[in-house]
Amino acid sequence: MTKASTIGSVADRLERLTNLIAVLLETGRPLRLEEIVERVPGYPAERDSYRRQFERDKATLREIGVPISLEALYAFDQETGYRIHREDYELPALDLTDDERVALHLAVTAVRLEGGAGESAGGAGREALLKLGGIEGAAAPTLAALPDVPALPALFDAYRRRARVTFTYRGGPRRLDPYGILFRNGHWYVVGNDGDREAIRAFRADRIESGIEPGQGGAFDRPDGFDPASALRDEPWRFGDEEPVEALVLVSPAQAGWVEADLGGQAVAERRDDGSVVVRMAVTNREAFRSFVLGLLDHAEVLAPPELRADMVAWLSALAAPAGARPAGTAAPS
Amino acid sequence: MTRPDAAVRLRRLLTVIPWIVDHQGSRLDDLAARFGITVGELERDLELVPFCGLPPYTPDRLIDCEIVDGRVFLRFAEYFGRPVRLTPTEGFALLAAGQALLAVPGADEQGSLASALGKLAGVLGGGDGMAVELGPARYLEPLRAAAAASERVEIDYYTFGRDELTTRRIDPRAVFAAAGQWYVDAFCHRADDDRLFRVDRVRGVRPTGEHFDAPAAAPGVSSGGIFNPRPSDRRVTLLLDADAAWVPESYPVESVEAQPDGRLRVVLVASERAWLERLLLRLGPSAEILDPAEVRAEAVEAARRLLTRYG
């Protein structure tokens, strides 16, 4: 193909695609491929060629979000045809004010989604803005970068349509009614009702090992006032099913302020004159509790209850045994 | 340079036409600015419009496009009167960006952004089940104010990797959120060099009354640049049991190799001793230290040091 004909063909193709959309939007019934080719100029005459060309056009329309549906021509008919339903195609009226468009423009420029596969989501936010009436006002300097994860658009779509999704997670199949999407600690989570466990569960979107298979829309109701942020607890020592126990931890002045900010003021059981504090923690996961305390290094000491204090002493004593106590090459006891 | 392909131009056309249908007589240069293209690109797109329409493609069935004194008028384009729906990728990107900006402390929860997101959620469906948390930010507002006004400040800063609290004067140039934390990009007078500080480790901010020269351009933000191992950083090789498989997902590692016995052999970049101590104390028997040998002694020393509190 010569260069001139390549350039010419972009305009021709654009014209054909535009006419194709107009014809499929305006038709009162599904159109057979032969009828489409008859009505839309620019398809090759030969059957195999126009069929291939139409498949390519369909793929392009899908890529830009134009929904073509394939339907039976008449009731009980085997034959199928194509059309575009106006209600699937058109963006409903949002009636955004100029100020609202300015605010959305600030948002898509201040917040960058990065690292996604294929089309960049930062670009997608901008495309969305154009559909909502274009760019209004100034851009903002970048204020936040969020990771983009390939599974997110499909999870978001299922969440918004209330469709159950299935996917592979840690090697096993999962079925989930997605109630919400949460970004926390640098990761995206999908939160919802786990269909096999009948319990609220959160899954890290970047650890989903398969594509997202969505079911029918409107398959479940979200609980009233569901808040993904409170559904996903962020105090891991409370995230367990062990017998609950209240622990008291003494924190040195150097870390007291941070620990109080992290746990909340109501966790402080005692303030000492040297600036250290004793905090109260409800523990149902002893391992996570131990990790929290060890993270404070020399600045924390488990005071109570005696069993948790003894746990910590035993853990540290095992590590403090002379190096090589665990011979290289042996597996850890399970 | 590559020429925009048919998909890009079609998307553009289906976005611009509805706006012109609603705003007859819009100026070419205003339209180009609004849709982020050049006037030339817009003119090339509009040149095609008169060839588009419905069978039998007689003049009354083709879109009529007139440009008079730089103003655009379209007739017979009613079927393109509305833009195409947002794709899931577009809807997600727009809501995520909006929710993130709304999560910045000090954002106006009753303002234009909140009302725009409300309208968007109404159209997209889904309601308020999407939440973005950018990270703990106790001292965010004074630091952002200082960066905006190019004010030098004194901060108390906890260096996590060395477990020490220091006071330093810094020139904060930019404040940004990445990878679940807020960061301050600043010149540090104590280090006499550029430093990235985590806002959640700032334990106090005081004004100095001094100003610094604002940077010519705001530095770029990327979560990729937050941890850059230096060649001189220590490499530590560990053998991890299955229950410690989270380590390579959460920390910077140079290599991960599954062993025949199911354990993972990882090489970690450990720039600071306290950071490594924490990790080894938490892992306990789930990690075997292969190399270097002195790290084994350091882990024992750390455990003994903590035990003195329980004497």
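For the structure, check the block above.
All values reported here derive from a predicted model rather than from experimental measurement.

**Digging into the sheet that holds strand S11 (residues 268-271) of chain A**
Residue and element names in this part refer to chain A.
- Taken in spatial order, the 4 strands make up an open sheet running S11-S12-S10-S13, and their pairing is antiparallel. Edge strands, defined here as strands with exactly one partner in the open sheet, are S11 and strand S13 (300-304). Neighbouring strand axes in the sheet, compared pairwise and without regard to direction, differ in orientation by 30° on average.
- Pairing of strand S10 (residues 245-251) with S13, which is carried by 4 bridges, proceeds in the antiparallel orientation. Directly across from Leu248, in S13, lies its bridge partner Ala304.
- Its contacts with the sheet put helix H9 (residues 253-263) on S10, S11 and strand S12 (277-283), and the angle it makes with S12 is roughly 35°.
- Those strands touched by helix H10 (residues 286-295) are S10, S12 and S13, and its axis lies near 155° from that of S12.

**Comments concerning the sheet that holds strand S11 (residues 253-258) of chain B**
Residues and elements named next belong to chain B.
- Here we have 4 strands laid out as an open sheet, ordered S11-S12-S10-S13, and antiparallel in their pairing. Either end of the sheet is taken by a strand with one partner, and the two such strands are S11 and strand S13 (287-291). Neighbour to neighbour, the strand axes of the sheet diverge by 25° on average, direction disregarded.
- Sheet topology places strand S10 (residues 234-240) next to strand S12 (residues 264-270); 7 bridges connect them, and they run antiparallel. Counted as the bridge partner of Leu239 is Arg265 from S12.

**Considerations on the nonpolar core**
- Core analysis: the largest hydrophobic core is formed by 84 residues, its most contacted members being A:Ala107, A:Val111, A:Ala144, A:Leu155 and A:Ala205.
- A total of 8 residues in this core trace back to one element, the largest contributor, which is helix H4 (residues 88-102) of chain B.
- Residues A:Ala256, A:Met281, A:Phe289 and B:Ala270 belong to the second largest nonpolar core, which totals 41 residues.

**Some points on the packing of helix H8 (residues 273-283) of chain B against helix H9 (residues 293-307) of chain B**
Residues and elements named next belong to chain B.
- Their axes nearest at 10 Å, the elements H8 and H9 cross at an angle of 75°. As summarised for this structure, H8 and H9 are arranged roughly perpendicular, according to the angle between their axes. Where H8 approaches H9, its residues Arg273, Leu276, Glu277, Leu280 and Leu281 are matched on the opposing element by Val295, Glu298, Ala299, Ala302 and Ala303.
- Classifying every residue of the contact of H8 with H9 by side-chain character gives 7 nonpolar, no polar and 3 charged.

**Focus: the packing of helix H11 (residues 306-320) of chain A against H9(B)**
- Where H11(A) contacts H9(B), the two axes come as close as 8 Å, and the packing angle between them is 145°. The element H11(A) and its partner H9(B) pack so that their crossing is left-handed. Here A:Val313, A:Leu316, A:Ser317, A:Leu319 and A:Ala320 of H11(A) lie close against H9(B), whose contacting residues are B:Ala299, B:Val300, B:Ala303, B:Arg304, B:Leu306 and B:Leu307.

**Quick word on unusual backbone geometry**
- Here the bond from A:Ala304 into A:Pro305 is cis, since omega is -5°, no more than 30 degrees from zero.
- Here A:Pro305 is to be found in the loop between S13 and H11.
- Following B:Asp291, the chain continues into B:Pro292 via a peptide bond in cis, with omega recorded as -5°.
- Topologically, B:Pro292 is positioned in the loop between S13 and H9.
- Backbone geometry at B:Asp69 places phi at a positive 50°, although glycine is not the residue there.
- Mapped onto the elements of the fold, B:Asp69 is located in the loop between strand S2 (64-68) and strand S3 (71-75).
- By C-beta crowding, B:Asp69 is classed as exposed, having 7 other C-beta atoms within 10 Å.
- For B:Asp163, which is not glycine, the phi dihedral falls at a positive 55°.
- Looking at where B:Asp163 falls in the secondary structure, it is placed in the loop between strand S5 (151-159) and strand S6 (164-178).
- Overall, the presence of 19 C-beta atoms within 10 Å leaves B:Asp163 in the partly exposed class.

Conventions we followed
Residues numbered from 1 in each chain as written. Chains lettered and ligands numbered in written order. Predicted model: local features only at pLDDT ≥ 70, side-chain atom pairs only at ≥ 80, totals over all residues. Pairing = 2+ DSSP bridges. Helix = DSSP H or I, 4+ residues; strand = E, 2+ residues; numbered from the N terminus. Axes fitted to C-alpha atoms, helices over the stretch in contact; angles between N-to-C directions. Contact = placed C-beta atoms within 7 Å. Core = buried A, V, L, I, M, F, W, Y, C linked by C-beta atoms within 7 Å. Buried ≥ 20, exposed ≤ 12 C-beta atoms within 10 Å, placed from the backbone. Parallel < 35°, antiparallel > 145°, perpendicular 65-115°, else oblique. Nonpolar A, V, L, I, M, F, W, Y, C, P; charged D, E, K, R; others polar. Left-handed = near helix turned anticlockwise from the far one by under 90°.

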